[in-house]
Amino acid sequence: MDDAALLRHSAHIFLPEMGVEGVLRLARARVLIVGLGGLGSVVALYLTRAGVGELVLADPDTVALSNLPRQILYADRHVGQAKTDAARETLTALGAADLRLVPERLLGVRLAEEVARVDLVCDASDNFTTRFAINDACVKAGIPLVSAAVIRLVGQLLVVHPSEAAAGCYRCLYPEGGEDAESCAQRGVLGPVAGALATLQAAEALKVLAGIPTPLTRDLWVFDDKTMESRRIRRHRDPHCPVCKASP
């Protein structure tokens, strides 16, 4: 690590939980971010600033004018552009080390291939179908998953980690079949609430990559901005889960 890198990351280096070794671990890390909306755009900014070595950015959509209040990675000039291209422009200007773009919806074999190539996945998608698929791929590959979701003024956050098998996975919490197909566009979301959840999602990702323990490998954290209340709910593996019951 040269002098410029030491100065840039000095605030992290001074953290007893992080230190130089933690910063070096971030520099060697590869992270897949699925979804570059209100959550993923913020996560990408923070992971770039933290010096994560490679970011794989996956999103099939283009930037819409209605995205701008909460998707702070983009500006008016990006409207109509592919989100991955607009993200590359912004993140490159911020000094991103290495970016790889996947301008498509990841599912099936393609998703499994991308998950197998990284050290951690951030699920910033906005639908249950994608969340289930990401969870399944991460569990099967033994790759840590940091999953966040937000709607209206409520958000949730959890970490699915192979070292905490007893806590189960995302599918243990939400049985498939009862999913709500509505997104933020249909139900609304307060922009800063998405930003708050995304900031914490980025923090959890950095903690996992740096080897800093987090209770969210065992718990689900739920936050309601309307009441300013939050709670942690202990997670348990579903013995009938079709995914994690078969994992090591």
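Residues numbered from 1 in each chain as written. Predicted model: local features only at pLDDT ≥ 70, side-chain atom pairs only at ≥ 80, totals over all residues. Heavy atoms only, no water.

Quick notes on the nonpolar core
Formed by 48 residues in total, the largest nonpolar core has its most connected members in V31, I33 and L47. Counting residues per element, this core draws most heavily on helix α10 (residues 191-210), at ten residues. The contacts of I33, once residues within four sequence positions are left out, are G40, V43, A44, L47, L55, V56, L57, A58 and C122. Counting 29 residues, the second largest nonpolar core, distinct from the first, contains F128, V160, C241 and V243. (Core = buried A, V, L, I, M, F, W, Y, C linked by side-chain atoms within 4.5 Å. Buried < 20%, exposed > 50% of the residue type's maximum accessible area, 1.4 Å probe, protein only. Helix = DSSP H or I, 4+ residues; strand = E, 2+ residues; numbered from the N terminus. Contact = heavy atoms within 4.5 Å.)

As for the state of the cysteines
A covalent bond between the sulfur atoms of two cysteines is what we call a disulfide. On inspection of all chains with the given rule, the structure shows zero disulfides. Here C138 is not cross-linked by a disulfide; its sulfur's nearest cysteine counterpart is in C122, at 9.7 Å. C244 supplies the cysteine sulfur nearest to C241, a cysteine that is in no disulfide, at a spacing of 3.6 Å. (Disulfide = S-S within 2.5 Å.)

Describing the pairing of strand β7 (residues 219-224)
Judged by how many residues are buried, β7 sits mostly within the fold: five of six residues are covered. Strand direction decides the pairing type here: strand β6 (residues 154-160) and β7, joined by five bridges, are antiparallel. Paired with L157 across the strands is W221, a residue of β7. By the bridge criterion, six bridges tie β7 to strand β8 (residues 229-234) in an arrangement that is antiparallel. Across the sheet, V222 pairs through a bridge with R231, a residue of β8. (Pairing = 2+ DSSP bridges.)

Comments concerning the pattern of salt bridges
Where charged atoms from two side chains of opposite charge approach closely, those side chains can pair. One pass over the full model with this rule turns up 13 salt bridges. Across the pair R88 and D85 runs a salt bridge whose closest N-O atoms are separated by 3.2 Å. Of the two residues, R88 and D85 both sit in helix α5 (residues 83-93), three residues apart, roughly one turn of that helix. According to the relative accessible area criterion, R88 is partly exposed, its value standing at 40%. Here R232 makes a salt bridge to D219, at a shortest N to O gap of 2.7 Å. Residue R232 is found in strand β8, and its partner D219 is found in strand β7; the two are separated by 13 residues along the sequence. Among the residues examined, D219 registers a relative accessible area of 3% and is labelled buried. In this structure, a network of salt bridges that share partners links the residues E54, R100, E104, R110 and E114. (Salt bridge = Lys/Arg side-chain N within 4 Å of Asp/Glu carboxyl O.)

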